[in-house]
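# Tertiary structure, described
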Amino acid sequence: MVQTIDNRYRIIEKIGAGGMGAVYLAEDIRLRRKVALKRLSMIGIAGDMDLFVKRFEREALEMASFQHTNIVSVYDYGRDDEGVYLVLEYMSGGALTGQLQQGKMPVSMAVKILLPLAEALQAIHDQGRVHRDIKPANILFNAYEKPKLADFGVVKL
């Protein structure tokens, strides 16, 4: 059975997992484009559920405020019976983690990755924010091998 979320996002396949949930390749039915849907489960969350949802919504809005060519775009967010979710730009080129597993990287390639990320971080810092979770898994590539910074779940004001 094909799962559809919010009558808009049709799940295609699971493409990643983390401590609090999973990431799925999905189709935005209305706009007819592929997106990444990051679902966070609320099962097992101790404490105030309303506080968790308000914090998630604040973080979603914070992430969406970053309009930069080197930062993964946030398209939407929501909540359903299974938890909360973010709808993000789909980065078909995968994460830097995969490239690093292939062995040493030439300096020229590293520079092509680091300079756009430095610009993204400058944009974040210009808004008085700190990312705090820069790692290869949070550096994603689009179909044109352009790197973008992702996963702002731990952005600090």
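Because the structure is predicted, anything quoted here is derived from the model rather than measured. (Residues numbered from 1 in each chain as written. Predicted model: local features only at pLDDT ≥ 70, side-chain atom pairs only at ≥ 80, totals over all residues. Heavy atoms only, no water.)

## Observations concerning the pairing of strand E4 (residues 33-41)
Sheet analysis places strand E3 (residues 21-28) next to E4, joined by eight bridges and oriented antiparallel. Each bridged residue has a counterpart across the sheet, and for Ala 22 the counterpart in E4 is Arg 39. Counting the residues between successive antiparallel strands, the hairpin from E3 to E4 contains four residues, one of them, Arg 32, with a positive phi of roughly 55 degrees. Bridging between E4 and strand E6 (residues 83-89) involves seven bridges; their strand directions are antiparallel. By the bridge assignment for E6, Leu 37 is matched with Val 87. (Pairing = 2+ DSSP bridges. Helix = DSSP H or I, 4+ residues; strand = E, 2+ residues; numbered from the N terminus.)

## Let's talk about the side chain of Asn 142
In this structure, Asn 142 sits in the loop between strand E7 (139-141) and strand E8 (147-149). Assessed through its relative accessible area of 14%, Asn 142 is described here as buried. For Asn 142, the side chain forms a polar contact with the main-chain nitrogen of Tyr 144, separated by 2.8 Å. Beyond its immediate stretch of four places on either side in the chain, Asn 142 contacts Met 91, Ser 92, Gly 93 and Lys 148. (Buried < 20%, exposed > 50% of the residue type's maximum accessible area, 1.4 Å probe, protein only. Polar contact = N/O pair within 3.5 Å; in protein donor to acceptor, adjacent residues only side chain to side chain. Contact = heavy atoms within 4.5 Å.)

## Quick look at the pattern of salt bridges
For the structure on display, the rule yields eight salt bridges. With its nearest N and O atoms 2.3 Å apart, the salt bridge here joins Arg 129 to Glu 62. Highlighted residues: Arg 129 in the loop between helix H3 (107-126) and E7 and Glu 62 in helix H1 (residues 49-64), separated in sequence by 67 residues. Taking the relative accessible area as the measure of exposure, Arg 129 reaches 21% and is therefore partly exposed. (Salt bridge = Lys/Arg side-chain N within 4 Å of Asp/Glu carboxyl O.)

## Remarks on the nonpolar core
Among the nonpolar cores identified, the biggest contains 27 residues, and Val 84, Leu 86, Leu 88, Ile 139, Leu 149 and Phe 152 are the most heavily contacted of them. Looking at this core, the elements with two or more residues in it are E4, H1, E6, H3 and E7. With near-sequence residues (within four places) excluded, Ile 139 lies in contact with Gly 94, Ala 95, Leu 96, Ile 113, Leu 117, Pro 147, Lys 148 and Leu 149. (Core = buried A, V, L, I, M, F, W, Y, C linked by side-chain atoms within 4.5 Å.)

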